[in-house]
Amino acid sequence: MATHRTTPAPGATGLRLEPDLPICQTDLPLDWYQREFKPYAEEYLALPDRKPGTVLAWLDGYMGPALDHFGETLLLVAHFYMGGEIVKLVERYGGAVADSYQLALAASRHPEKKVIVESAVHFMAESIAILAREDQAVWITNPKAGCTMEMLAKDYMVLPVAEQLIERYGERLCVVAYMNTSGRLKALAGRTGGAVCTSSNAAKVVRWALDQGKLVFFVPDQHLGRNTAARLGIDQSEVVALRDPQALRGGFKLDDTAAQGGLAALDRARMILWGSFCGVHTVFEPRHVRYWKERGWRVLVHPESRLEVVQAADGSGSTNFLWDAVLHAPPGSRLAIGTEGHFVRNARELGRQRGVEVVHLTEIPEPGYSAGGCGCATMSRNDPPHLAGMLDLLRRGTPPDANRVFAGDSVDERTGARERLDTAERRQLITEARAALERMIEITETPQD
Ligand code: SF4
C-alpha cells in the first residue's frame, strides 16, 4: 500500500483504517455521477471489494500525484458526519476533519492554502468560501451533497417571510442563522444586525441578541431554536414556530395562519422559529432515552433532537461536545449517543480504543424498536470516486465548474442546477454574511460571565 502524507493533522481523530473492515458506504448508482466523474466511478465499482487495502491502492494512484502537484497549497477537509471512512481517508492524506464551525474557518485560518477541497454538504463549503480570501478557491467533491434541513429553508422560501416580519417588527427583529443555512440567509442575518451560530454557541449568540432587547427570528432549525430557548430559561409560550415548510414552494403570507396562535402569538414571542428540522435527529424519542438510562447508560444527544428528548437525556451538545465526551469518559463508561449514525460508528471505535462502550441511541435489540442509527445520506454522496476524481481533475487543470463553490451559489440538490450571483451581488452578499459570521466569532471568543 503506497502512502502519502500519512502524518495525522493536529486535532486528528486518531481513528485507524482497519485493513479487513470493508468501507462503510453503499455504492452510488453510476448514473448519479457527473459526466466527468463517471470514469473514476466505473473503476471504483469494478474493484473486487471495498476493503481499505483495495480501495487505497486504487485511490493512491490519483491522490498521490495530486498531493505532490499541489504540495502545501492544498487543504482537504471533511465533516465528522461523513460516512464511508472518508474521514479516515481524508486524514490519511493529511486533511482535517472538523465540525461546521471549524470548517468555516478552514480557509481564513490558513492563508497559505490556495486549493480547498471539501467532502461534506454544500452549505459548509459555501461558509468556507464566504470567509476565504480572493486567491483561495473552494471546491466540493459532490455539489449535490445538500443538507435536508437547509433544503427546507431556501432563500426563496424564507426571505419573503423575513421581509414581512421586518415590516411588522422593524429594527427589533434580528435574524440568528444557524450555520446550516445558505450564504443568502447568513447575509440576511448580517443585514438585520444578527449573527450566525452553531450548535455549540447558539445559547451565547441568542442571549447576546435578547440582551439587546431584540426579537430573534431563528433560522432554520426549529428544534435547536427551541432547545436553545429552554437552555436560556425562556418560557416555551414565548417561542413560536412558523408554518411547516415541507409543503411550501415559496414564502407565505404573515397572517393568523402563519403560526399556531396566529399573529397574537407572534406579537408575544421572544423567539420566532423557522420550521425546518433534520430528518436524522428527529427520529429520536424519549422512550429510546429511557431504555438506556434504565439500564445504567449515560445518554447524550445532539440539540437538533426534539425538546422532550433533550430534556430526558443526561446531556446534549454539539458534535465536538459528543466526541469529547467519548474521548474523556473514564474507562468502563457506557454511553448511548443520539446523533448521526456514521459519527456514532466512529465514536464507538474511539471508545473501543479507550475501554468505553458506545451505542447508538436507537440501537435497541427489542421488538418495537427499529434498529440502527440513521446516517446523513446526503452528506455521504461524497464517496471515494468523488474524492479521487476531484483531485485528479484539479491536477489536470480540468475541474468541472459545477464543483467550484462561490458565496451565494444556490444549488438544486436533485438536479445539480445552480444559480450563481454576479460579481457585484456576490461582493454584497460576502460583506453581509461575513458580518454575521464575524459577529458569531466575536461573541463566541469573548469570555462571558
Ligand atoms: S445530519 Fe441533518 S442537519 Fe446535519 S447535514 Fe445531515 S441533514 Fe443536515
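Residues numbered from 1 in each chain as written. Predicted model: local features only at pLDDT ≥ 70, side-chain atom pairs only at ≥ 80, totals over all residues.

Q: What is the right way to read helix α1 (residues 38-45) from this model?
A: Think of an α-helix as turning once every 3.6 residues; residues three or four places apart then point the same way. Of the positions making up α1, those classed as buried are Tyr40, Ala41 and Tyr44. End-on view of α1: buried residues confined to an arc of 100°, all on one side of the axis. Buried residues along α1 sit against α2 (52-70) and α16 (384-396). (Buried ≥ 20, exposed ≤ 12 C-beta atoms within 10 Å, placed from the backbone. Helix = DSSP H or I, 4+ residues; strand = E, 2+ residues; numbered from the N terminus. Arc of directions from axis to C-beta. Contact = placed C-beta atoms within 7 Å.)

Q: I keep staring at the sheet that holds strand β13 (residues 357-360) and nothing clicks. Help me out?
A: Think of a sheet as strands paired side by side through backbone hydrogen bonds, with each pair either parallel or antiparallel. Strand order across the open sheet formed by four strands is β11-β10-β12-β13, with parallel pairing between neighbours. Looking at strand neighbours, the two that pair on one side only are β11 (315-316) and β13, the edges of this open sheet. Two strands pair when backbone bridges link them, and strand β12 (residues 334-338) and β13 are joined in this way by four bridges, in the parallel orientation. Looking across to β13, one finds that Ala336 is bridged to Val359. Each of β10 (298-301), β12 and β13 touches helix α14 (residues 319-328); the most contacted strand, β12, lies at about 170° to it. Sheet contacts for helix α15 (residues 341-354): β12 and β13; angle to β13, the most-contacted strand, approximately 165°. (Pairing = 2+ DSSP bridges. Axes fitted to C-alpha atoms, helices over the stretch in contact; angles between N-to-C directions.)

Q: Is there a simple way to think about the environment of Tyr291 in this case?
A: Examined against the element boundaries, Tyr291 turns out to sit in helix α12 (residues 286-294). The class of Tyr291 is partly exposed, set by 18 C-beta atoms lying within 10 Å. For Tyr291 and Ile364, which are 73 residues apart along the polypeptide, the C-alpha to C-alpha distance reads 8.1 Å.

Q: Sorry, what's going on with the site of the ligand here?
A: Of all residues adjacent to the ligand, which total 13 residues, the nearest are Cys147, Thr148, Cys278, Val280 and Cys376. A class-by-class count of the residues in the shell around the ligand yields eight nonpolar, three polar and two charged. (Near = placed C-beta within 6 Å. Nonpolar A, V, L, I, M, F, W, Y, C, P; charged D, E, K, R; others polar.)

Q: Looking at this structure, I do not really get the domain arrangement of the protein. What am I missing?
A: Interfaces are often described in size by the accessible area the parts lose on coming together. Partitioning the protein into structural domains gives domain 1 (30-146 + 381-416), domain 2 (150-279 + 429-445) and domain 3 (286-360). The C-alpha-based centres of domain 1 and domain 2 are spaced at 31 Å. Domain 1 puts 13 residues into the contact, and the matching count from domain 2 is 17 residues. Contributions of two or more residues to the side of domain 1 that touches domain 2 are made by α4 (100-104) and α5 (122-131). Among the elements that line the side of domain 1 that touches domain 2, the one with the most residues is α5, at five residues. Residues of the side of domain 1 that touches domain 2, tallied by class, amount to six nonpolar, five polar and two charged. (Domains from an automatic or database assignment.)

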